[in-house]
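What the coordinates show
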Amino acid sequence: MAQEVRRSGLSEEEWLARGYPRIRQLLDSGEYPIFSKMVNQARGPHLSPDERFRYGLERVLDRIAAGLPAPAGPSTDDRENGPR
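Residues numbered from 1 in each chain as written. Predicted model: local features only at pLDDT ≥ 70, side-chain atom pairs only at ≥ 80, totals over all residues. Heavy atoms only, no water.

1. With respect to the overall build of the chain
The line we're drawing: By definition, any uninterrupted DSSP run of H or I lasting at least four residues is a helix, any uninterrupted run of E lasting at least two residues is a strand, and each is numbered from the N terminus. Under the scheme applied here, a residue whose accessible area is under 20% of the maximum for its type counts as buried, over 50% as exposed, and between as partly exposed, the area being computed with a 1.4 Å probe on protein chains only. Each accessible area value is a Shrake-Rupley result obtained with a 1.4 Å probe; residue values ignore everything except the protein chains displayed when judging cover.
Regarding its fold elements, the chain presents five helices and zero strands. Along the chain direction, N to C, the helices and strands of the chain fall in the order α-α-α-α-α. Taken across its 84 residues, the chain has 10% of its residues classed as buried. Of the roughly 7,200 Å² of accessible surface on the chain, a fraction of 57% belongs to carbon and sulfur atoms.

What follows is the structure, given as structure tokens:
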């Protein structure tokens, strides 16, 4: 984001304001609850831009991880018989 802001020649506030109508449209649609949650939680003024990015990335990765199959563990036979 910082690179895009620099390239635009706008301040960060101006750059964010430029994208606000589209963000508002997505939020108002109600079709993207995870996106809405991320936007609302990222508004925290106590977070630096890097912290906001890290927080958002962690939420995306958490969601991806939730959809992955559980790792295969030892079979029932292995647990019952112990180490060989």
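Let's pick the thread back up.
2. A short note on the pattern of salt bridges
Applied cut-off: What counts as a salt bridge is simple: a side-chain nitrogen of Lys or Arg found within 4 Å of a carboxyl oxygen of Asp or Glu.
Across all of its chains, the model carries five salt bridges by this definition. Where Arg7 meets Glu4, a salt bridge forms, and the shortest distance between an N and an O atom there is 2.5 Å. Residue Arg7 and its partner Glu4 are located together in helix 1 (residues 2-8), separated by three residues, close to a single helical turn. One salt bridge connects Asp28 with Arg24, and the closest N-O pair in it is separated by 3.1 Å. Residue Asp28 and its partner Arg24 are both found in helix 2 (residues 12-29); the two are separated by four residues, about one turn of the helix. By relative accessible area, which is 55% here, Asp28 ends up exposed.

3. Here's the deal with the packing of helix 3 (residues 33-42) against helix 4 (residues 49-66)
Where we set the bar: For helices, the fitted line uses only the C-alpha atoms of the stretch in contact; every axis is such a line through C-alpha atoms, and the angle between N-to-C directions lies from 0 to 180 degrees. Angles below 35 degrees are treated as roughly parallel, those above 145 as roughly antiparallel, those between 65 and 115 as roughly perpendicular, and all remaining angles as oblique. For any helix crossing, the convention is left-handed if the near helix is rotated counterclockwise from the far helix by under a right angle, and right-handed if that rotation is clockwise. Only heavy atoms matter for contacts: two residues are in contact if any of them lie within 4.5 Å across the pair.
Contact geometry for helix 3 and helix 4: axes closest at 10 Å, N-to-C directions at 155°. The angle between the axes of helix 3 and helix 4 places the two elements in the roughly antiparallel class. As for the relative orientation of helix 3 and helix 4, their crossing is right-handed in sense. Listed contacts from helix 4 to Ile34, Met38, Gln41 and Ala42 of helix 3 are Arg52, Tyr55, Gly56, Arg59, Val60 and Arg63.

4. Observations regarding helix 2
Let me state the cut-off plainly: Each helix should span, by expectation, one fewer than its residue count multiplied by 1.5 Å. Bend angle per residue: angle between axes fitted to the 7 residues ending at that residue and the 7 residues starting there.
End to end, helix 2 covers 26 Å across 18 residues, agreeing with the expected 26 Å (1.5 Å per residue, within 8%). In helix 2, a bend of some 45° at Tyr20 exceeds every other bend along the element, and Pro21, a proline, comes one to four places later. Positioned one or two residues after helix 2, Gly30 has a phi angle of 75°, which is positive.

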